[in-house]
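These are the residues of each chain, in order.
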Amino acid sequence: MRYAYRVETVRTAERELMARLPEGMLMRRAAAGLAAACRGLLGRTYGARVVLLVGSGDNGGDALYAGAELARRGAGVTAVLLSPERAHEGGLRALRAAGGRAVGGVPSEPYAELIGRADLVVDGIVGIGGKGGLRPVAVELTDLVRDAGVPVVAVDLPSGVDADTGEVNGQAVRAGATVTFGTYKPGLLVDPAHEHTGAVRLVDIGLDACLPRAADMEALQHADVARLLPRPGAESDKYRRGVVGVAAGSGTYPGAAVLAVAGALRGGAGAVRYLGESESVREQVIRRFPETLLTQGPVRRAGRVQAWAVGSGLGDGSAARELVADVLTADLPVLVDADGLRLMDVSAVRERTAPTVLTPHAGEAAALLGRGREEVEAARLASVRELAELTGATVLLKGSTTLVADADRTKPVRVNATGTGWLATAGSGDVLSGAVGSLLAAGLDALDAASVGAYLHGLAARHAAPPLTAMDVAHALPHAWQSVTN
Ligand SMILES: NC(=O)C1=CN([C@@H]2O[C@H](COP(=O)(O)OP(=O)(O)OC[C@H]3O[C@@H](n4cnc5c(N)ncnc54)[C@H](OP(=O)(O)O)[C@@H]3O)[C@@H](O)[C@H]2O)[C@@H](O)CC1
Ligand SMILES: [K+]
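Residues numbered from 1 in each chain as written. Chains lettered and ligands numbered in written order. Predicted model: local features only at pLDDT ≥ 70, side-chain atom pairs only at ≥ 80, totals over all residues. Heavy atoms only, no water.

An unreviewed UniProt entry lists the protein under the name Bifunctional NAD(P)H-hydrate repair enzyme, from Streptomyces albiaxialis. Regarding the protein, the UniProt comment filed under Subunit (unreviewed entry) reads as follows: "Homotetramer." (UniProt positions renumbered as here; feature names shortened; annotations may be inferred.)

Caption draft 1: Structural view of the nonpolar core. Counting residues in each nonpolar core, the largest one holds 58 residues, and the members touching the most others are Val225, Leu229, Val246, Val452, Leu456 and Val484. A total of eleven residues in this core trace back to one element, the largest contributor, which is helix H19 (residues 446–463). Setting aside residues no more than four positions away along its own chain, Val452 makes contact with Leu220, Val225, Leu228, Leu229, Leu439 and Leu444. Core analysis: the next-biggest nonpolar cluster, separate from the first, contains 52 residues, Ala31, Ala79, Leu92 and Leu157 among them. (Core = buried A, V, L, I, M, F, W, Y, C linked by side-chain atoms within 4.5 Å. Buried < 20%, exposed > 50% of the residue type's maximum accessible area, 1.4 Å probe, protein only. Helix = DSSP H or I, 4+ residues; strand = E, 2+ residues; numbered from the N terminus. Contact = heavy atoms within 4.5 Å.)

Caption draft 2: Structural detail: the site of ligand 1. Around ligand 1, the surrounding shell holds 25 residues, and the nearest of these are Ser56, Asp62, Gly127, Gly133 and Asp156. Measuring from an oxygen atom of ligand 1, one finds a backbone N or O atom of Asp58 at 2.8 Å. Its free accessible area being 940 Å², ligand 1 has 84% of it covered by the protein chains. Among the secondary structure elements, those contributing two or more residues to the shell around ligand 1 are helix H1 (7–20), helix H2 (25–42) and helix H3 (58–72). (Near = heavy atom within 4 Å. Polar contact = N/O pair within 3.5 Å; in protein donor to acceptor, adjacent residues only side chain to side chain. Areas by Shrake-Rupley, 256 points an atom, 1.4 Å probe, with all protein chains shown as cover.)

Caption draft 3: Focus on the packing of helix H15 (residues 362–369) against helix H17 (residues 380–391). The N-to-C vectors of H15 and H17 enclose an angle of 50°; their axes lie 10 Å apart at closest approach. Between H15 and H17, the angle is such that the two are oblique. For H15 against H17, the interelement crossing comes out left-handed. Residues Ala365, Leu368 and Leu369 of H15 touch H17, and the partners they reach there are Ser383, Glu386, Leu387 and Leu390. By residue class, the composition of the contact of H15 with H17 is five nonpolar, one polar and one charged. (Axes fitted to C-alpha atoms, helices over the stretch in contact; angles between N-to-C directions. Parallel < 35°, antiparallel > 145°, perpendicular 65-115°, else oblique. Left-handed = near helix turned anticlockwise from the far one by under 90°. Nonpolar A, V, L, I, M, F, W, Y, C, P; charged D, E, K, R; others polar.)

Caption draft 4: Quick look at the UniProt feature "domain: YjeF C-terminal" (unreviewed entry) in the protein. Under the present numbering, the feature "domain: YjeF C-terminal" (unreviewed entry) in UniProt falls on residues 221–484. Taken as a whole, residues 221–484 contains 48% helix and 14% strand, while its terminal C-alpha atoms sit 9 Å from one another.

Caption draft 5: Local environment of the coordination of the potassium ion (ligand 2). Within the first shell, the potassium ion (ligand 2) binds the protein through Asn59 (OD1), Asp123 (O), Val126 (O), Val155 (O), Leu157 (O) and Ser159 (OG), at distances of 2.6 to 3.0 Å. Taken together, the six donor atoms coordinating the potassium ion (ligand 2) and their angles of 65 to 169° define a geometry best described as irregular. Counting along the primary sequence, the residues that act as donors to the potassium ion (ligand 2) give the motif N-x63-D-x2-V-x28-V-x1-L-x1-S. On the basis of relative accessible area, Val155 is assigned to the buried category, the value being 0%. (Donors = N, O, S within 2.8 Å, 3.2 Å for Na, K, Ca; no water. Tetrahedral: all angles 85-135°; square planar, octahedral: opposite > 155°, others 65-115°.)

Caption draft 6: Layout of unusual backbone geometry. Omega for the peptide link from Gly297 to Pro298 comes to -5°, which places this bond in the cis form. With respect to the helices and strands, Pro298 occurs in the loop between strand E12 (293–295) and strand E13 (307–310). Cis peptide bonds are those with omega within 30 degrees of zero, and the linkage from Pro466 to Pro467 qualifies with -5°. When you line up the elements, Pro467 lands in the loop between H19 and helix H20 (470–485). Here the phi dihedral of Asp156 falls at roughly 70°; this positive angle occurs in a residue that is not glycine. Within the secondary structure, Asp156 is located in the loop between strand E6 (152–155) and strand E7 (177–181). A positive phi angle, near 50°, is found at Ala338, a position not held by glycine. Of note, Ala338 is situated in the loop between strand E14 (334–337) and helix H13 (339–343). Relative accessible area serves as the criterion here: at 17%, Ala338 is assigned to the buried category.

Caption draft 7: Representation of the pattern of salt bridges in the model. Under the criterion given, the structure shown has 20 salt bridges. Arg6 is paired through a salt bridge with Asp164; the nearest N and O atoms lie 3.7 Å apart. Taken as a pair, Arg6 in the loop between strand E1 (2–4) and H1 and Asp164 in the loop between E6 and E7 lie far apart in primary sequence, 158 residues in all. Taking the relative accessible area as the measure of exposure, Arg6 reaches 33% and is therefore partly exposed. A residue is classified by how much of its surface remains accessible, and Asp164, at 16% relative accessible area, is buried. A salt bridge links Arg20 to Glu16; the shortest N-O distance between them is 3.1 Å. Of this pair, Arg20 and Glu16 both sit in helix H1, four residues apart, which is roughly one turn of that helix. (Salt bridge = Lys/Arg side-chain N within 4 Å of Asp/Glu carboxyl O.)

Caption draft 8: Molecular detail of the environment of Leu369. Here Leu369 shows up in helix H15. Here Leu369 falls in the buried class, since its relative accessible area comes to 14%. In the structure, Leu369 is positioned 18 residues away from Leu387 in sequence and 6.8 Å away in space, judged by C-alpha atoms.

Caption draft 9: Examining the sheet that holds strand E10 (residues 243–247) more closely. Strand order across the open sheet formed by eleven strands is E1-E9-E18-E17-E16-E15-E14-E13-E10-E11-E12, with mixed pairing between neighbours. With one partner strand each, in any of the chains shown, E1 and E12 form the two edges of the open sheet. The mean angle between the axes of side-by-side strands here comes to 20°, regardless of whether they run parallel or antiparallel. Where strand E17 (residues 402–405) meets strand E18 (residues 413–416), three bridges bridge the pair, whose relative direction is antiparallel. Looking at E18, one finds that Leu403 is bridged to Val415. (Pairing = 2+ DSSP bridges.)

This is the structure in structure tokens:
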């Protein structure tokens, strides 16, 4: 598992650790890790031109000490001090002693040339002490860096992103790589901030020993998913492995039924039962997937089912609304997606005692929260938490970094990073809803089913050859399983 902690928690752990170590030790560890990462990115350090953007706090201190190390190894290092009178004293001394130089003050013109000739820019403007977006001088410098197209490595976080929320107020540095210290911060894992980080490298500074067990956010890794995946035992039959009921698709959107069933068949349950009133849709499902069990309403007479996935492609009619309401009365885990999110009655969801998983994209989440889509996209972490609170359900907010907030709000929010832009294709959500429904039927709890489903779905998209279709993603799910379990 990969864990992320909020700034307040990092600060407490940092104080505890600092009290046990000689002064300056933590910053030296951080700077050593940063310098090593810079050397890796430069390829050849001797003779390389490095520009440090140095703010007034310890983030700038890290950059200066790392710059000193690079200068000792023969790089030409110039520090641009954003507040010359407040730059980290020890760091500045170390840089100068190693042969680096520092410039500061206002005129931005010479900086354009300096930055334009650089092989690497180190962003030490601001780290976890940052508040609000970048200030004007910092904006001016980062504009120069962007225009010059020079690679940037961010110290701890790209300056200007919010470490706790992943929100970006105004402008923020866009880094090719971020070197972070001690632990991940939520902002590194959540969009829009995540789009600014590039590849994130974690430097161990010994902070782990002082961090609490409960993280603020976590991200599953292969080993976690492998541990959670359902596996048939010697005693298993299809019912014990779980039957997932799929209530999706309509005469207007028959494809949604086919795709949700495709996902469900590869989600790990023992069988898929498709429930639909349209004979032609049932026929299309069975023609494509002869292993599907077919049924018609009402839900209570559908036959044995251990979890339901409802909503994709149902359309808008009153029959669809009744179907969603009917599924929500089942005393079983239920996943609601797409049209179902619009048709469901939020109070009926709140009243349920069995687990409910909602899988909105930003637009659907915005509609449920009564605000604009852009507001949800700008504040994804806050939005997914709020929606879980509002509905009492486990909420999976889709996006390039998918978030899952459990109904039990004491649990960390999970973030999934396996996704790819190629998943933004028609029907890919239908496949996800089937797969997560299947994992629910196989017995995973709501948080695990949603986060494991998102993980596999993202991985499957990476296995499928681009430009991919939703059906390609469904077909690649077994490859994703294999790559996780091997
Ligand atoms: N935690 C750990 O274990 C370790 C932490 N370490 C390092 O310490 C860093 C934290 O250092 P920190 O506390 O000094 O804060 P930092 O991020 O440098 O920023 C504060 C300064 O920035 C300024 N400023 C604020 N907002 C701004 C904005 N929007 N735009 C521009 N400027 C802004 C603000 O100015 P002021 O508001 O005072 O005018 C203040 O002077 C951390 O990220 C990591 O790199 C490692 O060395 C060792 C292990
Ligand atoms: K930074």
